[in-house]
Every structure is written in C-alpha cells, then in structure tokens.
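Residue strings, one per chain:
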Amino acid sequence: MKHSPETHSFFEDVFEVVRLIPKGRVTSYGAIAKYLGSKGSSRMVGWAMNAAHSQMPPVPAQRVVNRNGLLTGKHHFESPTAMQELLEAEGVKVVKEQVQDFKKVFWDPSEELL
DNA sequence: TTCCTGACTCCAG
DNA sequence: CCTGGAGCCAGGA
C-alpha cells in the first residue's frame, strides 16, 4: 500500500466487525464485505484474516466461513483442526468442515448490526 | 512497472 | 449437478 490510506481502514473495519460476531455464531466473507460497502471485495476480507492472527485484541477468525458454511480457511490456522475445535468449543457444530444448522447460526452484520 | 495469486461470490452454459 | 469466467483489490516477485 503506497498511496491508499483507506486500505488501512478497510482492514481495521474487518477486524472490528469480526470481533462483534456473537459467540456461537458465524458469518461469511461476503456478508462482511457487503456490510463494509465493498460488496465484491469478499476476497479482501479473507486477505485481512491473514493478518488477523497478529491483531490485538485477538480476532475470532474461526467465526468467518464462506457463503456455504464451509471452513475454507482452516488451513491458515495453527493446525488443520484448530478452526473446527474453536467453533465447537463455542457451541457451533461442525462436520467435515461444514457448519451444521448454518442458517440458524449465521449472523449477518447488515441485518443484526445496525 | 507489470504479472500472478488468493481464507470469495455471482452468473452463464 | 458441475465447470468456467469475471469482478474484486492488496502484496509479493
């Protein structure tokens, strides 16, 4: 980032929204991107998650999955099972990288966060 | 500087 | 049902 001060805000906003996800709930990259006004930038949300691990306070990146409730980002955690274990510890059931009852635990910032 | 990649999603065929 | 292409944009080579 050479001349984009707004980029910093985008990443910061992503972290902030992710930290607002209630325990036991999950959301999607696209939902966050949409809430932040960059509808087509769902990939950037995932990109931001790459830096999430070093953020303070910690960012619960395990609560962000893709639009199908699939744990596509699990390989970016310390271990391949870390993401699933973290979610299950919060009450979210996961079977084979797929969040169960995804529709019920889904948390949309555009609707819930006003 | 250009080119390529990626924790995504939508739409067409 | 499955596959491919386009849009998106920050960073590294």
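Only a predicted model underlies this, so the values are computations on that prediction, with no experimental measurement involved.

(A) Representation of unusual backbone geometry within the structure. Along the chain, M56 connects to P57 via a cis peptide bond; the corresponding omega equals -5°. Relative to the helices and strands, P57 is located in the loop between α3 (42-52) and β2 (64-65). In this structure, K96 takes a positive phi of about 55° despite not being glycine. If you trace the backbone, K96 turns up in the loop between β3 (94-95) and β4 (98-99). Of note in the backbone geometry, D101 takes a positive phi value of approximately 55° without being a glycine. Relative to the helices and strands, D101 resides in the loop between β4 and α5 (102-105).

(B) Focus on the packing of aromatic side chains. Under the counting rule described, the total for this entry stands at three aromatic pairs. Ring centres of F11 and F15 lie 6.4 Å apart, and the angle between their planes is 80°; this geometry places the pair in the edge-to-face category. Of this pair, F11 and F15 are both found in helix α1 (residues 5-20), four residues apart, which corresponds to roughly one turn of the helix. Pair check on accessibility: F11 and F15 agree, each one buried. Joined through ring pairs, the aromatic side chains of F10, F11 and F15 make up one cluster.

Rules and cut-offs
Along each chain, residues carry numbers from 1 onward, in the same order as the chain's sequence is written. Think of it this way: whatever chain is written first is A, whatever ligand is written first is 1, and the rest follow in order. It should be noted that, the model being predicted, local features are given only for residues of pLDDT at least 70 and side-chain atom pairs only at 80 or more, the latter also being counted only at that level, while totals for whole chains, interfaces and linings use all residues. Remark: hydrogens and water are excluded; side-chain values derive from all non-hydrogen atoms of the structure. Only DSSP runs of H or I reaching four residues or more are called helices, and only runs of E reaching two or more are called strands; each is numbered from the N terminus. Pairs were defined over the aromatic rings of Phe, Tyr and Trp, the Trp ring being its six-membered one, requiring ring centres within 6.5 Å. Orientation was assigned from the angle between planes: stacked under 30 degrees, edge-to-face over 60, tilted for the rest. Each residue's exposure class comes from its accessible area (1.4 Å probe, protein chains only) as a fraction of the maximum for that residue type: buried when under 20%, exposed when over 50%, partly exposed otherwise.

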